[in-house]
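# Summary of the model geometry
The residues making up each chain are set out below.
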Amino acid sequence: MAPVVEKVCEPVNLGEGPHWDATSGALYYVDIEGKKLFKYVPATKQRTAVTLDDLVGFAVPVANSPNVFVAGLKRRIVLVTWDGRSETPEIVENLLEVQKDVKSELLRINDGKADPNGRVWAGTMSRIEVGADDGVLFYVGQDRKAHICQTNVGLSNGLAWTPDCKTMYYVDSLKRSVDVMSVDPASGQISDRKILFSLEANGIHGFPDGMTIDVEGKLWVAVYDGAQVLRVDPATGSLLTTVSIPAPEVTSVAFGGPNLDELYVTTAAMRATKEVREKYPDAGALFKVTGLGVKGYPGVAAKI
């Protein structure tokens, strides 16, 4: 049976950062340029949103703190208290700011998520048109400090880990590859970074974006400007499957649903010309893919 792709939420400008919260049975995701955090509950098909005060690169629930999220707003890491219904947050608490010394107004936090131990990883980027490499990859732990692990990053994006937190997969979109590296589970320090899968070498148009890992250890990678999601085998670096998405700007993926066998796919419509919108009327929508025959993991809550 072929996978089934269906639209579940109306389009936004720059959808990103899907996170399945198993406790509430809800998918959280953001519209970066719309400055919104969304909550979508599949059981009721209801979507609610809160508007924040700056570009929001990601938002992840905080462990043992109902209605609290850690989020990246422009260059700030903040705690947001939101009841899941109100259009404005109850509280926004600033924790830290990254790369204060970089003067570029284009630099901002992009994708982020919590690793299996609860550390929050995120990276920064300039706009893709700029092509600068002044971004960084960093994590924030319970000390609430930014630990910079990589510099010279162009467009920090997808993150995924093995369940033991010893191996990390990472995307700097401008390199057009998925990289793999070793992680010290206790300290979070990374080493031995190398290319795992190159889009260029495999003849794939577009840029790797957000990603996730399934229970078989395979990666699912969104392809921005490629209208598809890839399934990659980390053991061999080979392409296993492609799933076409009816939107060119595919930004990220996350498994969810009661059985964790539904793949939610965020997309964008930043570059949707009249011709693109005619071909892809649902560009920017949230999609659900079923019938993949594989399960994933729920999102990990942040310990911060």
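Note that the coordinates shown come from a computational prediction; the quantities given were computed from them, not determined experimentally.

## Here we look at the overall build of the protein
The secondary structure content of the protein amounts to one helix and 24 strands. The globule rule puts the C-alpha radius of gyration for 304 residues at 19 Å, and the 17 Å found for the protein is close to it. Its C-alpha atoms put the protein at 45 × 45 × 40 Å along the principal axes. Contacts in the protein between residues at least 24 apart in sequence constitute 49% of all its contacts with a sequence separation of at least 6.

## Digging into the packing of aromatic side chains
A complete count under the given rule lists seven aromatic pairs for this structure. A ring pair is formed by Trp20 and Tyr264, whose centres lie 6.1 Å apart and whose planes are at 5 degrees; its orientation type is stacked. Of this pair, Trp20 sits in strand S2 (residues 15-21) while Tyr264 sits in strand S23 (residues 262-268), and the two are 244 residues apart along the sequence. Grouping residues by exposure puts Trp20 and Tyr264 together as buried. Seen from their ring centres, Tyr28 and Phe69 are 4.9 Å apart, and the 65 degrees between their planes marks the pair as edge-to-face. In this pair, Tyr28 sits in strand S3 (residues 26-31) while Phe69 sits in strand S7 (residues 68-73), placing the two residues 41 residues apart along the sequence. For the pair Tyr28 and Phe69, one class covers both residues: buried. An aromatic cluster is present here, built from Tyr28, Phe69 and Trp82 joined pairwise through their rings. Here the guanidinium or amino end of Arg119 rests over the ring plane of Tyr139, the centre of that ring lying 5.7 Å away.

## Let's talk about the environment of Ser156
Relative to the helices and strands, Ser156 is located in strand S14 (residues 156-161). Among the residues examined, Ser156 registers a relative accessible area of 1% and is labelled buried. Those residues in contact with Ser156 that sit more than four places away from it in its chain are Asn110, Asp111, Ala122, Gly123, Thr124, Met125, Val136, Leu137, Tyr170 and Val171. At a separation of 2.8 Å, a polar atom in the side chain of Ser156 contacts the side chain of Tyr170.

## Remarks on the pattern of salt bridges
This model, assessed by the stated rule, comprises eleven salt bridges. Close ionic contact of Glu10 with Lys7 constitutes a salt bridge, the shortest N to O distance being 3.1 Å. Owing to a relative accessible area of 46%, Glu10 belongs among the partly exposed residues under this scheme. A residue is classified by how much of its surface remains accessible, and Lys7, at 32% relative accessible area, is partly exposed. The partner of Asp179 in a salt bridge is Arg193, and the shortest N-O contact between them spans 2.8 Å. Here Arg193 lies in strand S17 (residues 190-198) and Asp179 lies in strand S16 (residues 177-183), a separation of 14 residues in the sequence. We classify Asp179 as buried; its relative accessible area is 4%. Here the residues in one salt-bridge network are Lys7, Glu10 and Asp282, joined through shared partners.

## Digging into the side chain of Asp179
Here Ser177 takes part through its side chain, which lies 2.9 Å from a polar atom of the side chain of Asp179. Apart from the residues lying within four places of it in its own chain, the contact partners of Asp179 are Met168, Tyr169, Tyr170, Arg193, Lys194, Ile195 and Leu196.

## Looking at the UniProt feature "active site" (unreviewed entry) in the protein
Mapped onto this structure's residue numbering, the UniProt feature "active site" (unreviewed entry) falls at Asp209. Within the secondary structure, Asp209 sits in strand S18 (residues 207-213). Beyond its immediate sequence surroundings of up to four residues, Asp209 is in contact with Glu16, Asn157, Gly158, Val171, Ser173, Val221, Ala222, Tyr224, Val250 and Thr251. There is a polar contact of 3.2 Å between the side chain of Asp209 and the side chain of Asn157.

Basis of the calculations
- Within every chain, residues take consecutive numbers counted from 1 along the sequence as written.
- Selection of residues for local features in this predicted model requires a pLDDT of at least 70, selection of side-chain atom pairs for listing and counting requires 80 or more, and totals for whole chains, interfaces and linings are taken over all residues.
- To get the side-chain values, all heavy atoms of the structure are used, and hydrogens and water are removed first.
- Going along the chain from the N terminus, every DSSP run of H or I of four or more residues is numbered as a helix, and every run of E of two or more is numbered as a strand.
- Note that the radius of gyration is over C-alpha atoms, with the globule rule given as 2.2 Å times the number of residues to the power 0.38.
- Only heavy atoms enter the contact rule, under which two residues are in contact if any of them lie within 4.5 Å.
- The aromatic pairing rule takes the rings of Phe, Tyr and Trp, using the six-membered ring of Trp, and pairs them if the centres are within 6.5 Å, calling planes under 30 degrees apart stacked, those over 60 edge-to-face and the rest tilted.
- Buried, partly exposed and exposed residues are distinguished by accessible area as a fraction of the type maximum, computed with a 1.4 Å probe on protein chains only: under 20%, between the cut-offs, and over 50%, respectively.
- To sit over a ring, a charge needs its Lys NZ or Arg CZ within 6 Å of the ring centre and within 35 degrees of the ring normal.
- N or O atoms closer than or at 3.5 Å make up a polar contact, with two conditions inside protein: a donor-capable atom paired with an acceptor-capable one, and, for residues adjacent in sequence, both atoms drawn from side chains.
- Salt bridges are identified by distance alone: a Lys or Arg side-chain nitrogen within 4 Å of an Asp or Glu carboxyl oxygen.
- UniProt positions are given in the numbering used here, feature names are shortened, and annotations may be inferred rather than shown by experiment.

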